[in-house]
Amino acid sequence: MKNYWQELESKYYMQVVVRTPVTLVRGEGARVWDDKGRPYLDFVGGWAVNSLGHCPDVVAEAVATQARTLIQTSNQFYTVPQIQLARLLVEKSCLDRVFIGNSGLEANEAAVKLARRYGALKLNGAYEVITALGSFHGRSLAMTAASGQEIFHKPYEPIPAGFVSVKYDDIGAIEAATTAKTCAVMLEPVQGESGVNVPADDYLRKVRAWCDEKGILLILDEIQTGICRLGPLFGYELYGVEPDIMTLAKGLGSGVPIGAVLAKEHAAVFTLGDHGATFAGNPLTCAAACAVMNYIIEKGVPRHVARVGQYLMKGLKGLKDKYSFITDARGRGLLTALEFDGDIGQDVLLACLEKGLLVNRVKPNAVRLMPPLIIGSEEVDQAVAIMDGVFSGIVG
Ligand SMILES: Cc1ncc(COP(=O)(O)O)c(C=O)c1O
């Protein structure tokens, strides 16, 4: 039954998303509370966004202090948090330059614009970007076209040209699709939105070698995988490759909306006037992201994620061994999924909700678990126990 807020939502809000029937009003660490005061363990994490958990002190303090100091100036002027964040990102990654924006899709738009400028300047006008089937790169028209999923294209045709999508985790498919028109290959190190698809360990290395051979750019969309979601600060570190361009968003602000595109010097081909946005890299959001980055570095979050991620996977594999209708337990770090032999994802979500655990139904037959990076092993135990209870109900 819908409550007061849910009734109002159905009256006033555009109906674009299937909501879980709960109204959240407060969060702390890995827990959120609904409007009746009921707590939930949050394994959705704002869709892999709440990296430091809900309302972390370091972010709340950075935002409050910055809000009383300077919120917005426009990029006509230099501002300190923007430059501090750019420096942190460059010094901690293999990339050389940054442009900071407001969201994931904006970062990806900037990445593709960069690749097209690169193609125009260095590859005889090549403009086409190869992406992967099943990929998700955002909801603008161009990122809809970049995303290798028909379902996102159809309602908005004609979609922008210049993208070709090929099978994921298949270097031969990329080789076959590469032509004189190709300027870049754009991939997620692990595909998040289409169900946590983990490629073979050597896939990205092979793609890197192919891009080098052809002189085209490798763009890694680390919007979901970056900022320690897979363990290391950036997902590429897991796979032993360096991209020419990388995009970030989600976990970077731990809930404060921000995105960034980073490029190696040779690929950072924007010149004055090529790109920009009113709110891009404003002091408020950059102060939040600096607080997140500093916390992650000082507290050794990558090591923690590697440990607790393994612990979570052990729990998920235990569930898979116990229940025959669980066909797969997969993921890296704290980006994980359970797949079922039937379309019970929504039923599992609702049964978990009932028992105080939030999960994401990523496909009709799969749920995705992406808790805050600061989650502890006791909270993992609680989540696994709740799922165990839910699954035993399904069996019995
Ligand atoms: C890999 C990836 N790229 C891009 C996006 C789009 O980011 P945003 O929703 O911030 O525009 C997402 C969002 O889920 C994502 O997972």
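The model shown is predicted, which means the values in this text are computed figures rather than measured ones. (Residues numbered from 1 in each chain as written. Predicted model: local features only at pLDDT ≥ 70, side-chain atom pairs only at ≥ 80, totals over all residues. Heavy atoms only, no water.)

A. Fine view of the sheet that holds strand β11 (residues 326–332). Reading across the sheet, the 4 strands line up as β11-β12-β15-β14 and stay open at both edges, with antiparallel pairing between neighbours. Sheet topology places β11 and β14 (360–363) at the edges, where each strand pairs with a single neighbour. The average angle at which neighbouring strand axes cross in this sheet is 25°, direction not considered. Where β11 meets strand β12 (residues 335–340), 6 bridges bridge the pair, whose relative direction is antiparallel. Counted as the bridge partner of Gly331 is Thr336 from β12. Where helix α13 (residues 345–354) meets the sheet, it contacts β12, β14 and β15 (366–369), and its direction lies at approximately 170° from that of β14. (Pairing = 2+ DSSP bridges. Helix = DSSP H or I, 4+ residues; strand = E, 2+ residues; numbered from the N terminus. Axes fitted to C-alpha atoms, helices over the stretch in contact; angles between N-to-C directions. Contact = heavy atoms within 4.5 Å.)

B. Quick look at helix α5 (residues 104–122). Taking 1.5 Å as the rise per residue, α5 with 19 residues should run 27 Å; its terminal C-alpha atoms sit 27 Å apart, in good agreement. Two or three places before Glu106, at the opening of α5, Ser103 has a side-chain oxygen 3.4 Å from that residue's backbone nitrogen. Just downstream of α5 lies Asn124, where phi reads positive at about 50°. (Expected span 1.5 Å × (residues − 1). Polar contact = N/O pair within 3.5 Å; in protein donor to acceptor, adjacent residues only side chain to side chain.)

C. View of the nonpolar core. In terms of nonpolar packing, the biggest core is built from 118 residues, with Leu187, Leu338 and Phe391 touching the most fellow members. Non-local contacts of Leu187, meaning those with residues more than four positions away in its chain, are made with Ala132, Tyr168, Ile174, Tyr203, Leu204, Val207, Ile219, Leu220 and Asp221. (Core = buried A, V, L, I, M, F, W, Y, C linked by side-chain atoms within 4.5 Å. Buried < 20%, exposed > 50% of the residue type's maximum accessible area, 1.4 Å probe, protein only.)

D. How the structure looks around unusual backbone geometry. Along the chain, Glu157 connects to Pro158 via a cis peptide bond; the corresponding omega equals 0°. Look at Cys228: it is not a glycine, yet its phi comes out positive at around 70°. Note on placement: Cys228 falls in the loop between β8 (217–221) and α10 (236–239). Owing to a relative accessible area of 0%, Cys228 belongs among the buried residues under this scheme. The backbone of Ser254 shows a phi angle near 50°, a positive value even though the residue is not glycine. Among the structural elements, Ser254 can be located in the loop between β9 (245–248) and β10 (259–263).

E. Expanded view of the site of the ligand. For the ligand, the set of nearby residues contains 13 residues, the closest of which are Gly104, Leu105, Asp221, Gln224 and Lys250. At 2.8 Å, a backbone N or O of Leu105 approaches an oxygen atom of the ligand. In the environment of the ligand, a nitrogen atom lies 2.7 Å from a nitrogen or oxygen atom belonging to the side chain of Asp221. About the coverage of the ligand: the protein hides 83% of its 390 Å² of free accessible area. Per-element accounting of the shell around the ligand gives the leading share, 3 residues, to α5. Looking at the shell around the ligand, its residues break down into 3 nonpolar, 6 polar and 4 charged. (Near = heavy atom within 4 Å. Areas by Shrake-Rupley, 256 points an atom, 1.4 Å probe, with all protein chains shown as cover. Nonpolar A, V, L, I, M, F, W, Y, C, P; charged D, E, K, R; others polar.)

F. Fine view of the packing of aromatic side chains. For the coordinates displayed, the defined rule picks out 9 aromatic pairs. Between the aromatic rings of Tyr168 and Tyr203, the centroid separation amounts to 5.4 Å while the plane-to-plane angle is 75°, which identifies the pairing as edge-to-face. Note that Tyr168 is positioned in the loop between β6 (163–166) and α8 (171–177) and Tyr203 in helix α9 (residues 203–214), a separation of 35 residues in sequence. Owing to a relative accessible area of 2%, Tyr203 belongs among the buried residues under this scheme. Ring geometry for Phe325 versus Phe340: centroids 6.4 Å apart, planes at 35°, classification tilted. With Phe325 in the loop between α12 (301–322) and β11 and Phe340 in strand β12, the pair connects residues that are 15 residues apart, well separated along the chain. Among the residues examined, Phe325 registers a relative accessible area of 11% and is labelled buried. You can call Phe340 buried: its relative accessible area is 1%. Among the aromatic residues, those joined into a ring-pair cluster are Tyr323, Phe325, Phe340 and Phe391. (Phe/Tyr/Trp six-rings, centres within 6.5 Å; stacked < 30°, edge-to-face > 60°.)

G. Spatial organisation of the sheet that holds strand β2 (residues 31–34). Pairing is mixed across the open sheet formed by 4 strands, whose spatial order is β1-β2-β3-β13. Every other strand in the sheet has two partners, leaving β1 (24–28) and β13 (357–358) as the edge strands with one partner each. Alignment of β1 against β2, held across 4 bridges, turns out to be antiparallel. Counterpart to Leu24 in the pairing with β2 is Asp34.

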